[in-house]
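Examining the three-dimensional arrangement
Next come the chains, spelled out residue by residue.
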Amino acid sequence: MILKAAGIVLCLGVCYIVWQYLELKRFGVTEYPITSSKIRKEHCFVVLADLHGFSYGKENERLMNRIRELKPQLILIAGDMIVSKQKDSYISALVTLKHLVEIAPVYYAMGNHESRVNQKEMLAYEDFAAYYRRVKGLGVHFLQNETVTLSLDGDEICISGLELDMDYYEKGYIVPLKEDSLTQYLGEASEQFQILLAHNPAYSEEYAAWGADLTFCGHNHGGLIRLPGIGSLLSPQLTWFPKYNDGCHDLRGNKVVISRGLGTHTFHIRIFNRAELVAVRVLPDHNKKG
C-alpha cells in the first residue's frame, strides 16, 4: 500500500514537472478592444512586459513571428526586459529589441529590474549602462519619467513612461503612493489620448486618477499561481491575493491593462497562468463627443 501511494506521488510529481516545463515554453496572445472618443482611426499596439531575457526559440523567433502577424503600429514595453543580476539576460534582451525595432517603433519604460541596476553603487551598473547605450543605438525610445507626443494616422497620441523609486517595490507589502506623485514624476496628463507605461500595477487606481486613458503594467507575472474561481494567490513582490495582477480593468472610465508577463525569474513557476503577449486595438467611439 505504501509503495502504491509512493508510486502515485512520484507519477504526479513527474507529471507536474513535465507540465511546468511545457508551460514555461509557451505563451498566449490576449487581445483587448478599447474604444475612445479621442481617436478617429483604429490603432493596434502590442505590449511586452517581464520578458526577463527569455527566448521563445532562437532569437525569440516564435515571439517575433506572432508580433508580426498582429501588425502593430507601436510596440510598448512595460518594463523588466532583463534580470538585473543576470548579464546574459541583457544579451538576449538586446537581440529581441533588435528584431522588434524592425517591426514597429518601440517605446520602453523601465521596470524594477532596470531601475535597480541603473544605480552607480550596483556591481552591474557599467554592464547596464552599456546595455542602455546599445538599446538606444537600436532606435528604441527609453521613457524615464518622460512623455512623447506622436501622430498616428492624424491622431495625436501621448506616451508617458513612469519610473517609480525602488521604495515602491518593497517585498511583502505595498507602500502607499504619495499624493500627487504622478504629477511630480510626469507632470499633468495630456488632454490628447494618453498612454501610460507603468510597471507596477499596485497603483492602477492612481494611474487612472492621474488621467491616463490607457495604462499598461506588468510586474506581478499574473500572480505566479492562479486558483480557478479565486484568482492570483501570490505576487512576485510576495503580497497575498494581489488585486491587480492581470486583465483589463475599467477605472474611472479609463483602462488599465495588466500583462501576465512573458518570462520568469527566481520563481520559475506558472500554475494556471500561461505567459502572454498583449495586443490592444483602440477603436474610435463615435457615440461620445471628444
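Scoring rules and cut-offs
- Residues numbered from 1 in each chain as written.
- Predicted model: local features only at pLDDT ≥ 70, side-chain atom pairs only at ≥ 80, totals over all residues.
- Heavy atoms only, no water.
- 1 Å grid on protein atoms, 1.4 Å probe; cavity = no way out; pocket = protein on both sides within 12 Å on 5 of 7 lines; lining within 4 Å.
- Points joined across faces, edges and corners; volume = space filled by probe spheres on them.
- Nonpolar A, V, L, I, M, F, W, Y, C, P; charged D, E, K, R; others polar.
- pLDDT = per-residue confidence, 0-100.
- Contact = heavy atoms within 4.5 Å.
- Axes fitted to C-alpha atoms, helices over the stretch in contact; angles between N-to-C directions.
- Helix = DSSP H or I, 4+ residues; strand = E, 2+ residues; numbered from the N terminus.
- Parallel < 35°, antiparallel > 145°, perpendicular 65-115°, else oblique.
- Pairing = 2+ DSSP bridges.
- Buried < 20%, exposed > 50% of the residue type's maximum accessible area, 1.4 Å probe, protein only.
- Salt bridge = Lys/Arg side-chain N within 4 Å of Asp/Glu carboxyl O.
- Right-handed = clockwise from strand over helix to strand, strands pointing away.

Each pocket or cavity is described by its volume, and for the largest pocket that value is around 270 Å³. Around the largest pocket sit 16 residues that line it, and His 113, Arg 116, Lys 171, His 265 and Thr 266 are the ones nearest its centre. Broken down by class, the residue content of the lining of the largest pocket amounts to four nonpolar, eight polar and four charged.

The next subject is the confidence of the model for the protein. Counting all residues, the mean pLDDT for the protein is 89, and 91% of those residues have values of 70 or more. The low-confidence segment residues 12–16, where pLDDT is below 50, has two contacts with residues more than four positions distant or belonging to other chains.

Between helix α3 (residues 87–100) and helix α5 (residues 125–137), the least distance of the axes is 11 Å, while the angle of their chain directions is 5 degrees. Between α3 and α5, the crossing angle belongs to the class labelled roughly parallel. Here α3 contributes Lys 87, Tyr 90, Ala 93, Leu 94 and Leu 97 to the contact with α5, which in turn contributes Asp 127, Phe 128, Tyr 131, Arg 134 and Val 135. For the contact of α3 with α5, the per-class residue count stands at seven nonpolar, no polar and three charged.

Okay, the sheet that holds strand β14 (residues 275–284) next. Taken together, the six strands give an open sheet; going across it, the order is β1-β14-β2-β3-β4-β5, and neighbouring strands pair in mixed fashion. Strands at the two margins of the open sheet, each flanked by one partner only, are β1 (27–36) and β5 (141–142). When strand β3 (residues 74–77) meets strand β4 (residues 106–108), the two strands line up parallel, connected through three bridges. Bridge pairing in β4 links Ile 75 to Val 106.

A word on the side chain of His 99. Here His 99 lies in helix α3. For His 99, a relative accessible area of 13% translates into the label buried. Look past the residues within four positions of His 99 in its chain and what remains in contact with it is Glu 59 and Met 64.

What follows is about the environment of His 268. As for its placement among the helices and strands, His 268 is situated in the loop between β13 (254–258) and β14. When the C-alpha positions of His 268 and Leu 224 are compared, they lie 8.7 Å apart, and in sequence the two are 44 residues distant.

Quick look at the environment of Leu 234 now. Checked against the element boundaries, Leu 234 lands in the loop between β11 (231–232) and β12 (247–251). Considering only alpha carbons, one finds Leu 234 and Glu 276, 42 residues apart in sequence, at a separation of 18 Å. Among residues more than four places away in sequence, those in contact with Leu 234 are Gly 223, Leu 224, Ile 225, Thr 239, Trp 240, Phe 241 and Pro 242.

Spatial strand order, β6-β7-β8-β9-β13-β12: six strands in an open sheet with mixed pairing. Pairing within the sheet leaves two strands with one partner each, and these edge strands are β6 (146–152) and β12. Strand-to-strand, the axes of this sheet are offset by a mean angle of 20 degrees, without reference to chain direction. Strand direction decides the pairing type here: β6 and strand β7 (residues 155–162), joined by seven bridges, are antiparallel. Bridge assignment links Glu 146 to a residue of β7, and that residue is Gly 161.

Once that is clear, we can look at the pattern of salt bridges. A complete count under the given rule lists eight salt bridges for this structure. Glu 205 is the salt-bridge partner of Lys 243, the closest N and O atoms lying 3.2 Å from each other. Here Lys 243 is found in the loop between β11 and β12, whereas its partner Glu 205 is found in helix α7 (residues 204–210), with 38 residues between them in sequence. Looking at Lys 243, the relative accessible area reads 60%, which means it is exposed.

Counting buried residues in β7 gives seven out of eight residues, a clear majority hidden from the surface. Hairpin connection between β6 and β7: a loop of two residues separates the two successive antiparallel strands, and Asp 153 in this loop has a positive phi of roughly 50 degrees. As paired strands, β7 and strand β8 (residues 193–198) are joined by six bridges and run parallel to one another. Residue pairing across strands places Ile 157 opposite Phe 193, the latter belonging to β8.

Along the polypeptide, Leu 177 turns up in the loop between β7 and α6 (181–186). Those residues in contact with Leu 177 that lie beyond four places of it in its chain are Leu 164, Tyr 168, Leu 182, Tyr 203 and Glu 206.

Neither face of β3 is left uncovered, since the one carrying Leu 74 and Leu 76 and the one carrying Ile 75 and Ile 77 both have all their residues buried. Across four bridges, strand β2 (residues 43–48) lies against β3 in parallel orientation. Across the sheet, Phe 45 pairs through a bridge with Leu 74, a residue of β3. Each parallel crossover has a hand, and for β2 linked through helix α2 (residues 61–70) to β3 it is right-handed. Following the backbone out of β3, through α3 and into the adjacent parallel β4, one traces a crossover that is right-handed.

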